[in-house]
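# Reading the structure
Single-letter residue listing:
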Amino acid sequence: MATTVKRTPSDFLKTVIGRPVVVRLNTGTEYRGVLACLDGFMNIAMEQTEEYENGSHVASHGECFIRGNNVYYISGGAQGGAAAATATAEA
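As the structure is a computational prediction, the values presented were derived from the model and not from experiment.

### Describing the overall build of the chain
Summing up its helical and strand segments, the chain has 1 helix and 6 strands in all. Helices and strands in the chain line up, N terminus first, as α-β-β-β-β-β-β. In the chain, buried positions account for 37% of the 91 residues. Counting contacts in the chain only where the partners sit at least 6 residues apart, residues at least 24 apart contribute 38% of the total. Here the chain has roughly 5,700 Å² of accessible surface; of this, 51% comes from carbon and sulfur atoms.

Set out below in structure tokens:
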């Protein structure tokens, strides 16, 4: 019989630091890049960041900072898209 391990959103966030993530804002805008760090307010610093609107590439920002109250979710996965996400932590 397999046992399931409960993971909290905090556990998930610790595992994706330094890895590619997709951050979706309340406005629907997505930022794809490498999660550099975040704090208890969900303020996020990202590297190699690209901005997407309705699935279309809008801009490349390199490094960016996202204020936590604008974050709808953070999804871990391939930088190529949210469909490859492995886990999601909703704010």
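### Considerations on the nonpolar core
With 15 residues, the main nonpolar core has Val21, Val23, Ile44, Met46, Ile66, Val71 and Ile74 as its most contacted residues. Of all the secondary-structure elements, those providing two or more residues to this core are helix H1 (9-16), strand E1 (20-25), strand E2 (30-38), strand E3 (44-53), strand E4 (56-66) and strand E5 (71-76).

### A word on the confidence of the model for the chain
In this model, the chain carries a mean pLDDT of 84, and residues with pLDDT of at least 70 account for 84%. This model gives residues 79-91 a pLDDT under 50, and the stretch forms 35 contacts once residues within four places in sequence are excluded.

### Examining the environment of Gly62
Here Gly62 lies in strand E4. On a C-alpha basis, the gap between Gly62 and Met46 in space is 8.0 Å, while along the polypeptide they are 16 residues apart. Setting aside its immediate chain neighbours within four residues, Gly62 contacts Met46, Glu47, Gln48 and Thr49.

### Observations concerning the pattern of salt bridges
Side-chain pairing between opposite charges can occur once the charged atoms of the two side chains come close. In total, this model carries 2 salt bridges according to the counting rule given. Ionic pairing is found between Glu30 and Arg24, a salt bridge with its closest N-O pair at 3.2 Å. Take Arg24: its relative accessible area is 28%, and that puts it in the partly exposed class. Ionic pairing is found between Glu30 and Arg32, a salt bridge with its closest N-O pair at 3.0 Å. With respect to class, Glu30 is no different from Arg32; both count as buried. Shared partners join several salt bridges into a network, and the residues in it are Arg24, Glu30 and Arg32.

### Considerations on the packing of aromatic side chains
The tally for this structure, following the rule as stated, stands at 1 aromatic pair. A cation sits over an aromatic face here: Arg32 above Tyr52, 3.9 Å from the ring centre.

### Concerning the pairing of E5
The buried count for E5 comes to 5 of 6 residues, which makes it a mostly enclosed element. Looking at chain direction, E1 and E5 are connected through 5 bridges and run antiparallel. Bridged to Val23 within E5 is Ile74.

Rules and cut-offs
Residues numbered from 1 in each chain as written. Predicted model: local features only at pLDDT ≥ 70, side-chain atom pairs only at ≥ 80, totals over all residues. Heavy atoms only, no water. Helix = DSSP H or I, 4+ residues; strand = E, 2+ residues; numbered from the N terminus. Buried < 20%, exposed > 50% of the residue type's maximum accessible area, 1.4 Å probe, protein only. Contact = heavy atoms within 4.5 Å. Areas by Shrake-Rupley, 256 points an atom, 1.4 Å probe, with all protein chains shown as cover. Core = buried A, V, L, I, M, F, W, Y, C linked by side-chain atoms within 4.5 Å. pLDDT = per-residue confidence, 0-100. Salt bridge = Lys/Arg side-chain N within 4 Å of Asp/Glu carboxyl O. Phe/Tyr/Trp six-rings, centres within 6.5 Å; stacked < 30°, edge-to-face > 60°. Lys NZ or Arg CZ within 6 Å of the ring centre and 35° of its normal. Pairing = 2+ DSSP bridges.

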